[in-house]
Amino acid sequence: MTRGSAVVNHVFLEDRPHVGSLGLGLNRPKMISSESGKATTYALSSLAARGTLFVEPGDVVYPGMIIGETVKAGSTDLEVNPVKSKAATNIRTVNKDEKTYLAPPKRMSVEELIGYMSPDEVIEVTPENIRLRKAELDPVARKKASKIKKQQNDALKSK
């Protein structure tokens, strides 16, 4: 990924007949907030290395809200804490807090989110925000539902 520093160009090749849906099998694992509050730069800087973020410092997050996608294909969704703050100490060090730079968050429209979301996710539209979240906000209930669905799919495949 270029993190916003690339120039994209394209050339039209030809018209082709419709070949079907493009999004099948492309579900990427996502970063899901485990805490509620305002996202901090300290927490998001460590999460930015794991993938693309959908929120920026100061955005209000809550448990079950999707705050980004991970770069590891095939892995499971990650429960992360985007509101973690840096521990304050009385000790002064030579290495003062360096300014942390984060890539701008990836903002998507409702149409893009519809194509991006998984079956267990919903889009939350408010006058101020468009957010993607899990349909089940509780992580324990979400795991139970996922396990039951997997068992049902395995039973259907074995028939």
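Placed above this text is the structure.
Below or above, wherever it landed, is the structure these notes cover.

A word on the pairing of strand 8 (residues 130–134)
Both faces of the sheet carry side chains from a regular strand, because those side chains alternate between them.
Part 1 of the argument: Within strand 8, four of the five residues are buried, which leaves the element mostly enclosed by the surrounding structure.
Part 2 of the argument: Judged from the five bridges that link them, strand 7 (residues 121–125) and strand 8 form a sheet pairing that is antiparallel. Within strand 8, the residue paired with E121 across the bridge is K134.
Part 3 of the argument: Linking strand 7 to strand 8, which pair antiparallel, is a turn of four residues.

Concerning the packing of aromatic side chains
Part 1 of the argument: Scanning all chains against the criterion turns up one aromatic pair.
Part 2 of the argument: For the pair F54 and Y116, a centre-to-centre distance of 5.8 Å together with 80 degrees between the ring planes defines the contact as edge-to-face. In this pair, F54 sits in the loop between strand 3 (51–53) and strand 4 (60–61) while Y116 sits in helix 2 (residues 110–116), placing the two residues 62 residues apart along the sequence.
Part 3 of the argument: Residue classification places F54 among the buried positions, given a relative accessible area of 9%.
Part 4 of the argument: Over the aromatic face of Y116 sits the side chain of K30, whose NZ or CZ is 4.8 Å from the ring centroid.

What to know about the nonpolar core
Part 1 of the argument: Core analysis: the largest hydrophobic core is formed by 13 residues, its most contacted members being M31, L44, L47, L53, V55, V61 and I67.
Part 2 of the argument: With three residues, the top contributor of residues to this core is helix 1 (residues 41–48).
Part 3 of the argument: For L47, the contacting residues outside a window of four places in its chain are M31, L53, I67, V80, N81 and P82.
Part 4 of the argument: The next biggest cluster of nonpolar side chains, apart from the first, holds seven residues, and it includes M108, L113, Y116 and L132.

A closer look at the sheet that holds strand 1 (residues 30–33)
Part 1 of the argument: Strand order in the open sheet made by the four strands is 3-5-1-6, with mixed pairing throughout. Looking at the sheet topology across the chains shown, the edges are occupied by strand 3 and strand 6 (78–80). Within this sheet the neighbouring strands show an average axis-to-axis angle of 30 degrees, counted without direction.
Part 2 of the argument: Both strand 1 and strand 6 contribute to a ladder of three bridges, which runs parallel. Within the sheet, the bridge partner assigned to S33 lies in strand 6 and is V80.
Part 3 of the argument: The strands touched by helix 1 are strand 1, strand 3, strand 5 (66–70) and strand 6; relative to strand 3, the strand with the most contacts, the crossing angle is about 145 degrees.

A word on helix 1
Part 1 of the argument: By the burial criterion, the buried members of helix 1 are A43, L44, L47 and A48. One side of helix 1 carries all its buried residues, which in axial view fall inside an arc of 135 degrees.
Part 2 of the argument: As for helix 1, its buried residues are in contact with strand 1, strand 3, strand 5 and strand 6.

A look at the pattern of salt bridges
Part 1 of the argument: Summed over all chains, the structure comprises 10 salt bridges.
Part 2 of the argument: Between R142 and E79 there is a salt bridge; the shortest N-O distance is 2.3 Å. Residue R142 is found in helix 3 (residues 139–158), and its partner E79 is found in strand 6; the two are separated by 63 residues along the sequence.
Part 3 of the argument: Looking at R142, the relative accessible area reads 12%, which means it is buried.
Part 4 of the argument: The salt bridge partner of K134 is D120, with a shortest N-O separation of 3.0 Å. Residue K134 is located in strand 8, and its partner D120 is located in the loop between helix 2 and strand 7; the two are separated by 14 residues in the primary sequence.
Part 5 of the argument: Residue K134 is classed as buried on the basis of its relative accessible area, which comes to 2%.
Part 6 of the argument: Ionic contacts of the salt-bridge type, sharing partners, join the residues K30, D77, D120, E121 and K134 into one network.

Parameters and conventions
Residues numbered from 1 in each chain as written. Predicted model: local features only at pLDDT ≥ 70, side-chain atom pairs only at ≥ 80, totals over all residues. Heavy atoms only, no water. Buried < 20%, exposed > 50% of the residue type's maximum accessible area, 1.4 Å probe, protein only. Helix = DSSP H or I, 4+ residues; strand = E, 2+ residues; numbered from the N terminus. Pairing = 2+ DSSP bridges. Phe/Tyr/Trp six-rings, centres within 6.5 Å; stacked < 30°, edge-to-face > 60°. Lys NZ or Arg CZ within 6 Å of the ring centre and 35° of its normal. Core = buried A, V, L, I, M, F, W, Y, C linked by side-chain atoms within 4.5 Å. Contact = heavy atoms within 4.5 Å. Axes fitted to C-alpha atoms, helices over the stretch in contact; angles between N-to-C directions. Arc of directions from axis to C-beta. Salt bridge = Lys/Arg side-chain N within 4 Å of Asp/Glu carboxyl O.

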